2 protein chains.
Amino acid sequence: MIEQKLNITHRTGSYTIFIGENLFGIKEALAQQIAGSHVCVVTNETVKPLYLDACLTALTQFEVEVVVLPDGEQYKNFTYYNQVMNLLCEKHYPRDSTLIALGGGVIGDLTGFAAATYQRGVAYIQVPTTLLSQVDSSIGGKTAINHAVGKNLIGAFYPPQVVLIDVTTLATLSQREYLSGLAELIKAALIADAEFFIWIEQHIDALLKRDVTILKQAIMRACQIKQTIVMRDELETMHNHCRILLNFGHTFGHAIEQVLGYGEWLHGEAVALGMHMATCLSQDLGLLDQTSVQRVYALLERAGYALQLPVGASSANLIQRMRHDKKVYSNCLNLILLQRIGTAVVKSDVPMLALQSVLERYSAH
Amino acid sequence: MIEQKLNITHRTGSYTIFIGENLFGIKEALAQQIAGSHVCVVTNETVKPLYLDACLTALTQFEVEVVVLPDGEQYKNFTYYNQVMNLLCEKHYPRDSTLIALGGGVIGDLTGFAAATYQRGVAYIQVPTTLLSQVDSSIGGKTAINHAVGKNLIGAFYPPQVVLIDVTTLATLSQREYLSGLAELIKAALIADAEFFIWIEQHIDALLKRDVTILKQAIMRACQIKQTIVMRDELETMHNHCRILLNFGHTFGHAIEQVLGYGEWLHGEAVALGMHMATCLSQDLGLLDQTSVQRVYALLERAGYALQLPVGASSANLIQRMRHDKKVYSNCLNLILLQRIGTAVVKSDVPMLALQSVLERYSAH
């Protein structure tokens, strides 16, 4: 059942995000979006046994190939991108082919990049099956693969044909994966929508129970917020920094992920702690009042995030990592902070000392 | 000296083609087009000793890396694309970097694709040093690399920041390379500009002598023609076939290249013979008068193209190759033909028998 539609406009066109339950069999959602006769479904070993059959049932009138990749960020690279490209080339897929990304952010990014570059661009459909990809990576047209030197270094801005968010797929996520996605949802509220934050506070129990009705509303709201921000800064230009607000909690989060080693903490877990750090720093710098800090802490704690650094990550390690960040100039750091709940700002002159003082409070003793 | 500027608009912006002599040292042409501090020049082993120093002289205020690829279509692949990408990643090139494609179509296509996909798109400048790339591949925003299965299967539509056509670089081209480019120039006239064809007839001696004044005029005209056609059909969509007119002579030409083995005849050499074949076929099908056919023949012969098939390529081989072309339906072929000099049309129902009859006249005996 399609419950909600969100129209996304971008610099070269527009597409629709469908949000609902059991969308695979609905022709309007999937089959009608496919122009030609050739479809290639890209998924991974975890998602395949859960949703591939349902997806294929909706595609009986097409010529379909399936690529199943191993599950994990470490496979978002040239080797597996080439696996998709080789299949398309060898099967002589025509220019009106459609790729379907059935999985989380890794599958979406890699499939989107394959679509962006096969025969100079074919259509692709995002079918995100994780909360993180549903609220975050399906909007903005960013596609990419990783390079040994860094994440997402190779990619393109290339929007999908349609995004199909079936909230029933969230039932099968592990609790950690689910919470990882929920962090981005809370982030959307914190940076841009105070009312939505209140709504999350009120519905946190239902969200933690994965109530589908509440989830549909929350995802819709998060998508709208991201779209509003992305539309103002589609290509993430140097001249217009508003898209950078989406990185709230991420400079801390990335440092935590790196210090612990990628995969140890999930992205959203690190971002949740990072958001709390950024919130405390906002208070230290006189931007944010204490009540707001307490509300953020209460919500993150209620959701179940770890709000202390694990033994493997000292504040000294984090500081060192952030010092090497390209956003450091003359001992000051560029950071996204909160002015109040629902309003983020870019601060370009955060003293390293203030940062140090905050981080020390999170160290395990 | 910048002599002429042509403004190219495309769906997401615009860029300028500068045409002139000794452009490398002119800040307006090269250095002023570079936004950031990092430049990567991609060239090949043939072009490097001829023009790299002149190019680098214009770039002294930038951080510059140079990638030198082997010369040839067979190197337009993932291996050499990765070489460029690895360098950019490992040297931590920022998002405001600029790539410079110094060479022919292969360098332009590969560098453009690297620019399209490094950090989701950085700027690149085309400095085409062959006649073919000056009149043809610098316009239209097509970037690509080859796949073992076929040419240009992996790529993107990604326009350059600026195109710098320095006609003095044509002095160092071999006669075969030069004629290969001249064929595309004649093609532009044949499909879209009868007056330009007359002009070429009048100036063919100066063109063959590579007179720079005449060349600048000819290249400008050819670029304008291509731009007019491309603007109407930028993404080469299924719905709007006008860009396909640029393939005049190419269905025959590709078959000749394939039957002889790639590299045996240059692209433009095969296209020249292909254009003559298409012209004769146009007459056979009652589209074109004999005088026009004779004028085309006279010009191509004056320029020095081989207008007979070599021993290695029989008409039977060509027919067989074209039968397997994806443009064949129920024993009829899709071809670009001439209605008159300066007006090409798409014919979707060319009988294979008519094709056979034309091809047999070109066989070596």
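Before any of the text, the structure's been laid out above.
Conventions and cut-offs
- Residues numbered from 1 in each chain as written.
- Chains lettered and ligands numbered in written order.
- Predicted model: local features only at pLDDT ≥ 70, side-chain atom pairs only at ≥ 80, totals over all residues.
- Heavy atoms only, no water.
- Helix = DSSP H or I, 4+ residues; strand = E, 2+ residues; numbered from the N terminus.
- Rg over C-alpha atoms; globule rule 2.2 N^0.38 Å.
- Buried < 20%, exposed > 50% of the residue type's maximum accessible area, 1.4 Å probe, protein only.
- Contact = heavy atoms within 4.5 Å.
- Expected span 1.5 Å × (residues − 1).
- Bend = angle between axes of the 7 residues up to and from the residue.
- Disulfide = S-S within 2.5 Å.
- Buried area = accessible area lost by both parts, 1.4 Å probe.
- Salt bridge = Lys/Arg side-chain N within 4 Å of Asp/Glu carboxyl O.
- Arc of directions from axis to C-beta.
- Least-squares fit on C-alpha atoms with pLDDT ≥ 70 in both.
- Axes fitted to C-alpha atoms, helices over the stretch in contact; angles between N-to-C directions.
- Parallel < 35°, antiparallel > 145°, perpendicular 65-115°, else oblique.
- Left-handed = near helix turned anticlockwise from the far one by under 90°.
- Phe/Tyr/Trp six-rings, centres within 6.5 Å; stacked < 30°, edge-to-face > 60°.
- Lys NZ or Arg CZ within 6 Å of the ring centre and 35° of its normal.
- Pairing = 2+ DSSP bridges.

Another point: the overall build of chain A. Looking only at helices and strands, chain A features 12 helices and 12 strands. Against the 2.2 N^0.38 benchmark of 21 Å for 365 residues, chain A shows a C-alpha radius of gyration of 20 Å, consistent with a compact globule. Taken along the three principal axes of its C-alpha coordinates, chain A extends 60 × 40 × 40 Å. Looking at chain A as a whole, 58% of its 365 residues qualify as buried. Residue pairs in contact within chain A that sit at least 24 positions apart in sequence constitute 73% of those at least 6 positions apart.

Below, the discussion takes up helix α6 (residues 194–208) of chain A. All names here are of chain A. Taking 1.5 Å as the rise per residue, α6 with 15 residues should run 21 Å; its terminal C-alpha atoms sit 20 Å apart, in good agreement. Along its length, α6 reaches its greatest deviation from straightness, about 60°, at glutamine 202. On its buried face, α6 is in contact with α5 (175–192), α7 (212–231) and α10 (290–303). Where α6 ends, the next residue or the one after it, arginine 210, has phi of about 60°, a positive value.

With that settled, consider the state of the cysteines. All names here are of chain A. Counted under the stated rule, the structure contains 0 disulfides over all chains. No disulfide involves cysteine 40; its nearest neighbouring cysteine sulfur is the one of cysteine 55, lying 11 Å away. This cysteine, cysteine 89, is not joined by any disulfide, and cysteine 40 carries the nearest cysteine sulfur, 11 Å off. Among the residues examined, cysteine 89 registers a relative accessible area of 1% and is labelled buried.

Below, the discussion takes up the interface of chain A and chain B. Contacts between the two partners involve 33 residues from chain A and, on the opposite side, 33 residues from chain B. Carbon and sulfur atoms make up 59% of the surface buried where chain A meets chain B, a total of about 2600 Å² over both sides. The three residues of chain A that bury the most area against chain B are A:Arg95, A:Arg120 and A:Leu153, which together make up 28% of that side's buried surface. For the pair chain A and chain B, the interface holds 0 salt bridges.

Turning to helix α12 (residues 352–360) of chain A, a few remarks are in order. Residues and elements named next belong to chain A. Those residues of α12 that fall on the buried side of the exposure criterion are Met352, Ala354, Leu355, Val358 and Leu359. Across the axial projection of α12, the buried residues extend over an arc of 160°, all falling on one side. As for α12, its buried residues are in contact with α8 (250–260), α9 (267–284), α11 (315–323), β11 (332–340) and β12 (343–351).

Attention shifts here to the relation of the copies chain A and chain B. Laying chain A over chain B is done by rotating through 180° and shifting 0.0 Å along the axis; what remains is an RMSD of 0.1 Å. Expressed as an axis order, the relation between the two copies is that of a two-fold axis. Identified as the residue of chain A closest to the rotation axis by C-alpha distance is A:Thr12, at 3.7 Å. Interface overlap between copies: 100% of the residues of chain A at the interface are likewise at the interface in chain B, consistent with a symmetric, same-surface contact.

Next up on the list: the environment of B:Asp211. Take B:Asp211: it is sitting in the loop between α6 (194–208) and α7 (212–231). The sequence separation of B:Asp211 and B:Ser133 amounts to 78 residues, and the corresponding C-alpha distance is 18 Å.

All names here are of chain B. Between helix α8 (residues 250–260) and helix α9 (residues 267–284), whose axes approach to 7 Å, the crossing angle comes to 130°. Classed by the angle they form, the pair α8 and α9 counts as oblique. Two packed elements cross with a definite hand, and for α8 against α9 that hand is right-handed. Mapping the contact onto sequence places His250, Phe252, Gly253, His254, Ile256 and Glu257 in α8 and His267, Ala270, Val271, Leu273, Gly274, Met277, Ala278 and Leu281 in α9.

Quick look at the packing of aromatic side chains now. What the rule picks out here adds up to 15 aromatic pairs over all chains. Ring geometry for A:Phe78 versus B:Phe78: centroids 5.9 Å apart, planes at 80°, classification edge-to-face. Of this pair, A:Phe78 sits in helix α2 (residues 78–90) while B:Phe78 sits in helix α2 (residues 78–90), on two different chains. For the residue pair A:Phe78 and B:Phe78, the accessibility class agrees, reading buried in each case. Three or more aromatic residues joined by ring pairs form one cluster here, namely A:Phe78, A:Tyr81, A:Phe113, B:Phe78, B:Tyr81 and B:Phe113. Over the ring of B:Tyr178 we find B:Arg210; its NZ or CZ atom is 4.3 Å from the centre of that ring.

Now for the pattern of salt bridges. Residue and element names in this part refer to chain A. Tallied over the full model, the rule gives 29 salt bridges over all chains. In this structure, lysine 216 and glutamate 21 form a salt bridge, with 2.4 Å as the shortest nitrogen-oxygen distance. Separated by 195 residues along the polypeptide, lysine 216 in helix α7 and glutamate 21 in the loop between β2 (13–20) and β3 (38–44) bring together distant segments of the chain. What makes lysine 216 buried here is its relative accessible area of 4%. For the salt bridge of glutamate 73 with lysine 76, the shortest nitrogen-to-oxygen distance reads 3.8 Å.

The next subject is the pairing of strand β8 (residues 150–157) of chain A. Residues and elements named next belong to chain A. Most of β8 is tucked away, with 6 of its 8 residues classed as buried. In this structure, strand β7 (residues 142–147) lies alongside β8, joined through 5 bridges in antiparallel fashion. Bridge pairing in β8 places histidine 147 opposite glycine 150. Between the end of β7 and the start of β8, which pair antiparallel, lie 2 residues.

Residue and element names in this part refer to chain A. The mixed open sheet is built from 7 strands, whose spatial order is β1-β2-β9-β6-β5-β3-β4. In the strand order of this sheet, the two ends are held by β1 (2–10) and β4 (63–69), each with one partner. Geometrically, the sheet is characterised by an average inter-axis angle of 15° between neighbouring strands, direction not taken into account. Across 2 bridges, strand β6 (residues 123–128) lies against strand β9 (residues 162–166) in parallel orientation.

All names here are of chain B. Strands sit in the order β1-β2-β9-β6-β5-β3-β4 across an open sheet of 7 strands; the sheet is mixed. Of all the strands in the sheet, just β1 (2–10) and β4 (63–69) have a single pairing partner and so form its edges. Averaged over all pairs of adjacent strands, the angle between strand axes in this sheet comes to 15°, irrespective of strand direction. Summarising the sheet, strand β2 (residues 13–20) and strand β9 (residues 162–166) pair through 5 bridges and their orientation is parallel. For glycine 20, the partnering residue across the bridge sits in β9 and is aspartate 166.

Fair warning: the whole summary comes from geometry, so function is off the table for now.
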